[in-house]
Amino acid sequence: MRPVTILGAGPAGLTAAITLAKAGWPVTVYERRATVGHHGNGDLQGLENWADADDALALFRACGLAINFAATPFRELTVLAGRDDEHLFQCERPAFYLVRRGKEPACLDHGLAEQALASGVVIRCNETVAPAAADILATGTLHRHHFAVAMGETFRTDHADLACGLLDDEAAAKGYAYLLVAGGHGCLCTVFFDHFDQLAAGYEVSRQRLLARFPLSMTAPRPFGGVGGFLLENCFVEKGRLRVGEAAGLQDLLWGFGIKSAVASGCLAAQSLIDNTDYAVAAQARFAGRQQASLVNRYLWERFAGADYAAFLRRVRRAADPLAWLGSFYNLNRVHRVVYPFAVAALEKRYRLTPTGAPNERP
Ligand SMILES: Cc1cc2nc3c(=O)[nH]c(=O)nc-3n(C[C@H](O)[C@H](O)[C@H](O)COP(=O)(O)OP(=O)(O)OC[C@H]3O[C@@H](n4cnc5c(N)ncnc54)[C@H](O)[C@@H]3O)c2cc1C
């Protein structure tokens with residue numbers, strides 16, 4: 001057991017830190033922002049329950065994490081397509097859990113930081129070290145490889161819990177907008193996957209449409225936003241340093257659900273240090289197929305679902321179990337393998353799927 005240095009106190013870095021500290025390793029996490037979760041601003045994010053057969057919270061527990069943050073299960077989702085089309089999806093098990101990101105109590109980041117501190121991890125905020133001095137890089141989005149840009153507002157409301165998505169290219173080019181409420185915390189956001197210069201205008205359209213459908217009180221608004229980065233060729237190990245979460249390009253290129261991969265990769269990296277096994281091999285086996293499937297899903301989404309979102313929603317509704325149906329797209333299958341070369345050719349240039357620049361500059 002040697003001292004381990006981790007860069008970045010997001011879900012990936014903190015999961016790695018907790019796993020190592022619980023095994024008795026001395027761990028220091030450097031976070032360049034003033035606090036853990038500083039960039040979140042309380043926005044609601046979803047732990048999706050369709051990519052894996054296991055429940056999202058079970059993944060956290062399997063990684064040795066406690067659920068010491070608010071995680072609100074949602075079994076109902078309203079989706080609007082264009083101006084007139086509306087669908088209500090109802091599931092027997094939660095379709096997703098909403099968690100808040102940020103530094104406040106009950107937020108995911110705050111909860112993970114508390115677990116890390118309780119396990120003996122030293123967290124040094126407002127500080128960083130050179131990547132070359134770190135053992136694990138958990139620095140989040142690779143901006144040079146961004147595929148989606150989000151803009152939104154969090155707010156307080158007296159409205160009941162609510163989850164509503166909007167599919168409309170004017171509101172969110174090739175992406176989606178959403179209005180979420182959990183426990184009095186609200187969040188309205190648009191996520192663009194193309195035409196990023198129209199983000200602000202798209203946010204206004206999203207706001208009008210979603211609030212026209214669900215007029216609700218909004219107090220204490222706060223802006224938030226961010227980008228998602230994706231790499232097809234993951235560099236899980238680079239000059240002895242392990243990359244986890246979005247710093248390894250791990251993301252869901254279809255819709256941008258990256259938290260579960262961040263947690264899973266953080267745990268895997270820590271476990272590989274503890275067991276002295278090859279993280280690159282284990283991570284490649286676990287994530288490479290997912291990344292490829294996700295690339296193909298994005299390609300198919302833009303070609304087919306994007307041509308008629310209402311038809312896509314009707315197709316999902318026809319499925320006996322919509323979650324299982326969605327899940328069937330998340331693991332590499334025969335269709336993915338056939339379509340893969342076309343998807344790479346179509347999206348390589350737009351999204352820069354392969355690493356560019358010196359590896360250490362990537363964060
Ligand atoms: C608006 C938005 C909505 C999203 N919604 C969802 C969702 O609903 N569901 C979902 O699963 N995912 C969602 N995501 C994606 C999800 O937030 C990320 O996949 C996840 O946070 C990645 O975790 P991470 O630990 O790899 O990186 P991060 O959470 O980005 O954490 C990285 C940390 O490293 C720090 N850092 C960076 N560089 C340095 C440095 N040089 N030194 C020290 N510290 C550094 C950063 O300040 C940050 O705290 C969303 C993303 C955005 C932007």
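Residues numbered from 1 in each chain as written. Predicted model: local features only at pLDDT ≥ 70, side-chain atom pairs only at ≥ 80, totals over all residues.

J.: Please explain the environment of Phe342 as it appears in this structure.
T.: Along the chain, Phe342 falls in helix α9 (residues 334-351). With 13 C-beta atoms counted inside 10 Å, the residue Phe342 sits in the partly exposed group. (Helix = DSSP H or I, 4+ residues; strand = E, 2+ residues; numbered from the N terminus. Buried ≥ 20, exposed ≤ 12 C-beta atoms within 10 Å, placed from the backbone.)

J.: Honestly, the site of the ligand in this entry has me stumped. Any pointers?
T.: Around the ligand there are 33 residues in total, and Gly10, Gly140, Gly226, Gly245 and Gly258 lie nearest to it. For the shell around the ligand, the element with the highest residue contribution is helix α1 (residues 11-22), accounting for 3 residues. Two domains share the shell around the ligand, each providing at least three of its residues, namely domain 1 (4-144 + 229-361) and domain 2 (148-227). (Near = placed C-beta within 6 Å. Domains from an automatic or database assignment.)

J.: Sorry, what's going on with the domain arrangement of the chain here?
T.: Many analyses report the size of an interface as the accessible area lost when the parts associate. What the domain assignment lists for the chain is domain 1 (4-144 + 229-361) and domain 2 (148-227). One C-alpha centre belongs to domain 1, the other to domain 2; they are set 21 Å apart. Contact residues are listed per partner, giving 24 residues for domain 1 and 24 residues for domain 2. Listing elements by their share of the side of domain 1 that touches domain 2, those giving two or more residues are β4 (72-74), β5 (76-81) and β7 (96-100). For the side of domain 1 that touches domain 2, the element with the most residues is β5, which contributes 6 residues. In terms of residue class, the side of domain 1 that touches domain 2 is made up of 9 nonpolar, 11 polar and 4 charged. (Contact = placed C-beta atoms within 7 Å. Nonpolar A, V, L, I, M, F, W, Y, C, P; charged D, E, K, R; others polar.)

J.: Help me understand the nonpolar core in this model?
T.: Soluble globular proteins: nonpolar side chains tend toward being buried together. If you look at the biggest cluster of nonpolar residues, it comprises 111 residues, and the most contacted ones within it are Ile6, Ala16, Ala17, Val29, Ala116, Ile136 and Val244. Once you skip the residues sitting within four places of it in the chain, Ile136 turns out to touch Val4, Ile6, Gly13, Ala16, Arg241, Leu242, Val244 and Ala269. (Core = buried A, V, L, I, M, F, W, Y, C linked by C-beta atoms within 7 Å.)

J.: I tried to follow the sheet that holds strand β12 (residues 176-182) on my own but got confused; where do I start?
T.: An order of β6-β5-β11-β12-β13-β10-β14 is seen for the 7 strands of this open sheet, with the pairing classed as mixed. At either end of the open sheet lies a strand with only one pairing partner, and these are β6 (85-90) and β14 (219-229). Averaged over all adjacent pairs, the angle separating strand axes in this sheet is 15 degrees, with direction ignored. With 8 bridges joining them, strand β10 (residues 146-156) and strand β13 (residues 185-192) adopt antiparallel strand pairing. Note that in β13 the partner of Phe155 across the bridge is Gly186. (Pairing = 2+ DSSP bridges. Axes fitted to C-alpha atoms, helices over the stretch in contact; angles between N-to-C directions.)

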